[in-house]
Each structure stands twice: as structure tokens, then as C-alpha cells.
Amino acid sequence: MSHTLGIRQAQKQKTRQAFLDAALALLEEQSLSSLGLREVTRAVGVAPTAFYRHFRSTADLGVALVDEALGSLHPMVRTTVSTTGDSEERIARAIELIAHHVDAYPAHVRFIARERHGGVQPVRAAIREQLARFAEEVKAELAKDSEAAGWNDDDLLMLAHLYVDQMLITASLFLEALEAPAEERERVTQLAARQLRLISIGRNHWLD
């Protein structure tokens with residue numbers, strides 16, 4: 001009996017992932033608010049009623065896509081602001097990690113960039129919640145740095161939000177340059193480095 005249940009659970013998970021993959025592919029060219037349930041089920045090759053065994057609505061599907069796109073990124077985000085190395089090494093490491101992620105998961109990055117301010121409120125809220133978690137985790141990393149001496153919690157959290165927002169901006173820039181020549185990607189890298197440098201300069205002089 002347990003073996004049969006295991007097979008059923010695996011099949012259910014496989015079908016659920018098929019819905020997520022199909023939706024992500026369809027969302028390459030449209031927003032979630034315009035995505036139809038029948039479009040998704042047609043892409044998966046199942047009846048529309050099968051959708052409701054996995055998700056309550058397309059908004060619920062969108063929230064699951066947010067978890068898939070952002071949920072596994074927490075270790076990477078912390079690494080981008082790790083206190084290891086000097087300022088320039090940290091900046092180079094952060095940009096390299098972001099560029100690599102965009103290259104590996106462009107559809108997820110595009111989905112978050114579009115839906116962060118999109119028309120589906122539960123998805124906007126889910127993205128906002130994940131980004132708030134990122135900021136808290138970045139704040140915890142920043143607090144370990146000797147440069148954080150004298151900073152209060154509110155200011156550290158403000159700085160953390162600046163870093164998280166900049167990571168999203170950098171990811172969007174690399175996304176736009178995904179098929180561009182190497183010179184354009186280098187231009188994006190240099191621009192991202194300058195922007196992060198500006199935040200670092202402000203950070204160094206905040207307590208002056």
C-alpha cells in the first residue's frame with residue numbers, strides 16, 4: 001500500500017511541476033493576469049478540472065512560481081554580501097553570482113521582474129514577502145561586518161533593502177543583455193559595479 005501511495009504522490013508531484021513549467025513557458029510572452037487556465041491545461045495535456053487538484057487558481061499557481069523562483073535563492077543572496085574579501089572582491093563576486101543565475105534561469109528572472117508590480121495581488125505580496133526575507137538575511141550578514149559598528153537596526157535594514165533592490169536591478173540588466181554581444185554584457189557588468197560602489201561609498205560615510 002505504501003509503495004502505491006508513493007507512486008501516486010510522485011505522479012502528483014510530476015503533474016504539479018508540469019503545470020509550473022507550462023505556465024512559466026507561457027509567461028515568457030504575457031503577464032500572469034492575462035494567463036488563462038485552459039491555456040495551461042492545454043499545454044500540459046490534461047482536462048481543465050485536473051488543474052484544481054493542484055492549485056486553487058492561476059493566482060495560486062503564480063505564488064507557487066514565486067516560491068520556485070525565489071525560495072532557493074536565500075543562500076546566494078547572503079553570499080553576495082558576505083564579509084569575505086575587500087569591497088571590490090565582494091562587488092565582483094555579487095555581480096558574477098547574479099549574472100550566472102540569470103544565464104541559468106532567465107524565465108524565472110523575467111517572471112519576477114514582470115510580476116513584482118503586476119496585476120495579481122497575491123503574487124505581488126508573495127514577491128514582497130520573499131524580498132523582505134532577503135533583506136532581513138542581508139541585514140544579518142551586514143551586521144557581522146566590523147564596518148557595521150555604530151549602525152542601528154533600522155539603518156542596517158535600509159542598507160540591506162538597497163542591496164536587495166540593486167540585485168534585482170542588476171538581474172534585469174543582465175536579462176536584457178542575455179542575447180547581446182560580449183561588449184554589452186561587459187558594459188552591464190561595469191555599470192552594475194559602479195552602482196554597487198556608490199552604495200558602498202554611502203555606507204562608508206553614513207556615520208560621518
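Residues numbered from 1 in each chain as written. Predicted model: local features only at pLDDT ≥ 70, side-chain atom pairs only at ≥ 80, totals over all residues. Heavy atoms only, no water.

Asker: Honestly, the overall build of the protein in this entry has me stumped. Any pointers?
Answerer: The helix and strand inventory of the protein stands at ten helices and zero strands. Shown N-terminal to C-terminal, the secondary structure of the protein runs as helices and strands in the order α-α-α-α-α-α-α-α-α-α. By its C-alpha atoms, the protein is 65 × 40 × 35 Å across when sized along the principal axes. Excluding contacts between residues fewer than 6 apart, the proportion of contacts in the protein whose partners are at least 24 apart in sequence is 66%. Separation between the mean location of the 24 positive side-chain charges and that of the 29 negative ones in the protein comes to 9 Å. (Helix = DSSP H or I, 4+ residues; strand = E, 2+ residues; numbered from the N terminus. Contact = heavy atoms within 4.5 Å. Lys, Arg positive; Asp, Glu negative; His and termini not counted. Charge placed at Lys NZ, Arg CZ, Asp CG, Glu CD.)

Asker: Explain a nonpolar patch on the surface here, please?
Answerer: Side chains of Met158, Leu162, Trp206 and Leu207 sit close together on the surface and give an oily, nonpolar patch of about 390 Å² of accessible area. Here Met158 shows up in helix α9 (residues 153–176). A relative accessible area of 39% places Met158 in the partly exposed class. (Patch = residues over 30% accessible without salt bridge, like charges linked within 9 Å, V, L, I, M, F, W, Y side chains within 5 Å. Areas by Shrake-Rupley, 256 points an atom, 1.4 Å probe, with all protein chains shown as cover. Salt bridge = Lys/Arg side-chain N within 4 Å of Asp/Glu carboxyl O. Buried < 20%, exposed > 50% of the residue type's maximum accessible area, 1.4 Å probe, protein only.)

Asker: Even after reading the chapter, I still don't get the UniProt feature "domain: HTH tetR-type" (unreviewed entry) in the protein, so can you show me in this structure?
Answerer: Sites flagged by UniProt as "domain: HTH tetR-type" (unreviewed entry) map to residues 13–73. Annotated as 64% helix and 0% strand, the span residues 13–73 places its first and last C-alpha atoms 21 Å apart. (UniProt positions renumbered as here; feature names shortened; annotations may be inferred.)

Asker: Looking at this structure, I do not really get the confidence of the model for the protein. What am I missing?
Answerer: If pLDDT is low for a region, its predicted coordinates should not be looked at in detail. Counting all residues, the mean pLDDT for the protein is 91, and 96% of those residues have values of 70 or more. When pLDDT is averaged over each helix and strand of the protein, the minimum, 77, is found for helix α5 (residues 74–80) and the maximum, 96, for helix α4 (residues 58–70). (pLDDT = per-residue confidence, 0-100.)

Asker: How should I be thinking about the environment of Arg133 in this particular structure?
Answerer: In this fold, Arg133 is placed in helix α8 (residues 121–143). Taking the C-alpha atoms as reference points, Arg133 and His74, separated by 59 residues in sequence, lie 8.4 Å from one another.

Asker: Looking at this structure, I do not really get the packing of helix α6 (residues 87–104) against helix α10 (residues 182–205). What am I missing?
Answerer: Between two packed helices, the angle of one axis relative to the other and the distance separating the axes together describe the packing. Packing of α6 against α10 leaves a shortest axis separation of 10 Å and a crossing angle of 135°. As the angle between them shows, α6 and α10 are arranged oblique. Seen along the crossing, α6 lies across α10 with a hand that is right-handed. Taken together, the residues of α10 that come into contact with α6 (itself represented by Ser87, Glu88, Arg90, Ile91, Ala94, Ile95, Ala99 and Asp103) are Arg185, Thr189, Ala192, Ala193, Leu196, Arg197, Ser200 and Arg203. For the contact of α6 with α10, the class distribution of residues is seven nonpolar, three polar and six charged. (Axes fitted to C-alpha atoms, helices over the stretch in contact; angles between N-to-C directions. Parallel < 35°, antiparallel > 145°, perpendicular 65-115°, else oblique. Left-handed = near helix turned anticlockwise from the far one by under 90°. Nonpolar A, V, L, I, M, F, W, Y, C, P; charged D, E, K, R; others polar.)

Asker: In this structure, what is going on with the UniProt feature "DNA-binding region" (unreviewed entry) in the protein? I would like to understand it.
Answerer: UniProt marks residues 36–55 with the feature "DNA-binding region" (unreviewed entry), using the numbering shown here. From the first C-alpha to the last, residues 36–55 spans 13 Å; its make-up is 60% helix and 0% strand.

Asker: I'm lost on the environment of Glu96 in this one. Help?
Answerer: With respect to the secondary-structure elements, Glu96 resides in helix α6. Look at Glu96 and you get exposed, because its relative accessible area is 59%. Remark: the alpha-carbon pair of Glu96 and Thr189, spanning 93 residues in sequence, is separated by 8.5 Å.

Asker: Got a minute to help me understand the nonpolar core in this structure?
Answerer: When a protein is soluble and globular, its nonpolar side chains tend to lie buried together. Val66, Leu70, Phe111, Val138, Leu142 and Tyr163 are the most contacted members of the largest nonpolar core, which totals 60 residues. Broken down by element, the residue count for this core peaks at ten residues, all from α9. In contact with Leu70, not counting residues within four places along its chain, are Ile112, Ile127, Gln130 and Phe134. (Core = buried A, V, L, I, M, F, W, Y, C linked by side-chain atoms within 4.5 Å.)

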